[in-house]
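# Understanding the architecture of this molecule
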Amino acid sequence: MASAILSYLPQTEGLLPKWLFLVAVISIGNSVQSYTTLYYTSRIYNPTSSDPPLKTPAHVTALSSRTFGTWTVLTALVRLYAAYNITHPAFYQLGMWTFGVAFAHFVSEWLVFGTTRLGKPLAGPLVVSTTSLAWMALQWGNYVKG
């Protein structure tokens with residue numbers, strides 16, 4: 001049973017493809033919750049109240065949450081393709097771009113637009129995006145062929 005499940009994971013050596021797969025699966029889950037509740041999205045985009053957010057968050061609407069969920073599932077699909085095609089430069093670069101864009105988005109929402117604040121809810125996206133982007137930049141030569 002376990003070997004059957006493991007056969008679906010990216011088969012390329014190393015942890016990076018498995019990490020990309022894991023982050024993609026978590027992102028798909030995040031997308032689902034963005035369509036079903038405002039709670040988690042409003043934890044990130046919550047500049048003025050404490051965590052957990054108010055019942056009626058100021059910066060998160062059903063539409064903005066679904067838009068965030070759509071954006072997140074799109075990045076998850078790109079990361080899945082990168083995980084399974086990690087030796088191809090275009091897929092690798094697109095995977096890197098998803099983390100770069102995510103980092104730029106969250107930092108700009110924090111420092112430019114003021115719709116989020118530094119804290120536990122923002123820490124996850126910042127840590128995942130910076131760690132993944134740096135890891136991919138450092139491992140380029142170990143995976144990309146040609």
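Remember, it's a predicted structure, so these values are computed and weren't measured experimentally. (Residues numbered from 1 in each chain as written. Predicted model: local features only at pLDDT ≥ 70, side-chain atom pairs only at ≥ 80, totals over all residues. Heavy atoms only, no water.)

### Considerations on the overall build of the protein chain
When you go through the protein chain residue by residue, the secondary structure sums to 6 helices and 0 strands. The secondary structure elements of the protein chain, listed N-terminal to C-terminal, are α-α-α-α-α-α. Taking the principal axes of the C-alpha coordinates as reference, the protein chain spans close to 50 × 35 × 20 Å. Out of the 146 residues belonging to the protein chain, those deemed buried represent 34%. Sequence-distant contacts, at least 24 apart, represent 71% of the contacts inside the protein chain between residues at least 6 apart. (Helix = DSSP H or I, 4+ residues; strand = E, 2+ residues; numbered from the N terminus. Buried < 20%, exposed > 50% of the residue type's maximum accessible area, 1.4 Å probe, protein only. Contact = heavy atoms within 4.5 Å.)

### Looking at the packing of helix H5 (residues 89-111) against helix H6 (residues 120-143)
The N-to-C vectors of H5 and H6 enclose an angle of 150 degrees; their axes lie 9 Å apart at closest approach. Considering the angle they form, H5 stands roughly antiparallel to H6. The element H5 and its partner H6 pack so that their crossing is left-handed. Per-class residue counts for the contact of H5 with H6 are 19 nonpolar, 7 polar and no charged. (Axes fitted to C-alpha atoms, helices over the stretch in contact; angles between N-to-C directions. Parallel < 35°, antiparallel > 145°, perpendicular 65-115°, else oblique. Left-handed = near helix turned anticlockwise from the far one by under 90°. Nonpolar A, V, L, I, M, F, W, Y, C, P; charged D, E, K, R; others polar.)

### Quick look at helix H4 (residues 62-84)
Between its first and last C-alpha atoms H4 spans 33 Å; for 23 residues at 1.5 Å apiece the expected length is 33 Å, and the two agree. Buried residues belonging to H4 abut helix H2 (16-36), helix H3 (39-44) and H5. (Expected span 1.5 Å × (residues − 1).)

### Comments concerning the layout of surface pockets
In this structure, the largest pocket spans a volume of roughly 590 Å³. Every element with two or more residues in the lining of the largest pocket is listed here: H2, H3, H4, H5 and H6. (1 Å grid on protein atoms, 1.4 Å probe; cavity = no way out; pocket = protein on both sides within 12 Å on 5 of 7 lines; lining within 4 Å. Points joined across faces, edges and corners; volume = space filled by probe spheres on them.)

### Quick word on the UniProt feature "transmembrane region" (unreviewed entry) in the protein chain
In the UniProt entry, the feature "transmembrane region" (unreviewed entry) is given for residues 20-42, 63-84, 90-113 and 122-141. Annotation note: span residues 122-141, helix share 100%, strand share 0%, distance between end C-alpha atoms 31 Å. (UniProt positions renumbered as here; feature names shortened; annotations may be inferred.)

### Remarks on the packing of H2 against H6
Where H2 contacts H6, the two axes come as close as 11 Å, and the packing angle between them is 150 degrees. Handedness of the crossing formed by H2 with H6: left-handed. Residues Leu16, Pro17, Trp19, Leu20 and Val23 of H2 lie in contact with H6, whose contacting residues are Val128, Ser132, Trp135, Met136, Gln139 and Tyr143. The residue makeup of the contact of H2 with H6, split by class, is 9 nonpolar, 2 polar and no charged.

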